[in-house]
Amino acid sequence: MIYACQLADLPRGGSLRLTDVPGSPPVALFHTEDGELYAVDDTCTHQDASLADGFVEDCAVECPLHAAIFDLRTGEADGMLAKFPIRTHRVMIEDGAVHVQVSEAVPYLPPGARRTVAS
């Protein structure tokens, strides 16, 4: 489990890119307008783009590069541009601190994506 931020520091509608995730590609943390928190792999499976910079509506994030859409709850791709899902990660809040438990599933990274992960 990794520390992400204080809940008070991530406003509703905001996102945070976590790059120092041991053994994992970067993770995107979203605080939706309705107050839910979701964590997913930050890299779009269509092309190498940060989903933390994407547009969030309801429970989906739209990639800022080519508008591929991913469900924040399940990681499923819309199937139009992105054919492969992103991993989802468990989010926990303890005493106002947001923590992310990174999935042990193998991440899908698109061709040309950063293959290195934090150690």
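For the structure given in this document, a descriptive report is provided here.

### Structural notes on unusual backbone geometry
A positive phi angle, near 55 degrees, is found at D58, a position not held by glycine. With respect to the helices and strands, the residue D58 is situated in the loop between β5 (55-57) and β6 (60-62).

### What to know about the layout of surface pockets
What the largest pocket holds in volume is close to 180 Å³. If you go around the largest pocket, you meet 14 residues; those closest to its centre are G13, T32, E33, V56 and E57. If you list the elements that add at least two residues to the lining of the largest pocket, you get β2 (14-18), β3 (27-31) and β5. A total of 3 residues in the lining of the largest pocket trace back to one element, the largest contributor, which is β5. Residues of the lining of the largest pocket, tallied by class, amount to 4 nonpolar, 6 polar and 4 charged.

### With respect to the pattern of salt bridges
Under the counting rule described, the total for this entry stands at 3 salt bridges. Linking D42 and R17 is a salt bridge whose minimum nitrogen-to-oxygen distance equals 2.4 Å. Note that D42 is positioned in the loop between β4 (37-41) and β5 and R17 in strand β2, a separation of 25 residues in sequence. The class for D42 is buried, based on a relative accessible area of 0%. For R87, the salt bridge identified is with D41, shortest N-O distance 2.9 Å. Linking R87 in the loop between β7 (69-71) and β8 (88-94) with D41 in strand β4, this pair joins segments that are 46 residues apart in sequence.

Rules used throughout
Residues numbered from 1 in each chain as written. Predicted model: local features only at pLDDT ≥ 70, side-chain atom pairs only at ≥ 80, totals over all residues. Heavy atoms only, no water. Helix = DSSP H or I, 4+ residues; strand = E, 2+ residues; numbered from the N terminus. 1 Å grid on protein atoms, 1.4 Å probe; cavity = no way out; pocket = protein on both sides within 12 Å on 5 of 7 lines; lining within 4 Å. Points joined across faces, edges and corners; volume = space filled by probe spheres on them. Nonpolar A, V, L, I, M, F, W, Y, C, P; charged D, E, K, R; others polar. Salt bridge = Lys/Arg side-chain N within 4 Å of Asp/Glu carboxyl O. Buried < 20%, exposed > 50% of the residue type's maximum accessible area, 1.4 Å probe, protein only.

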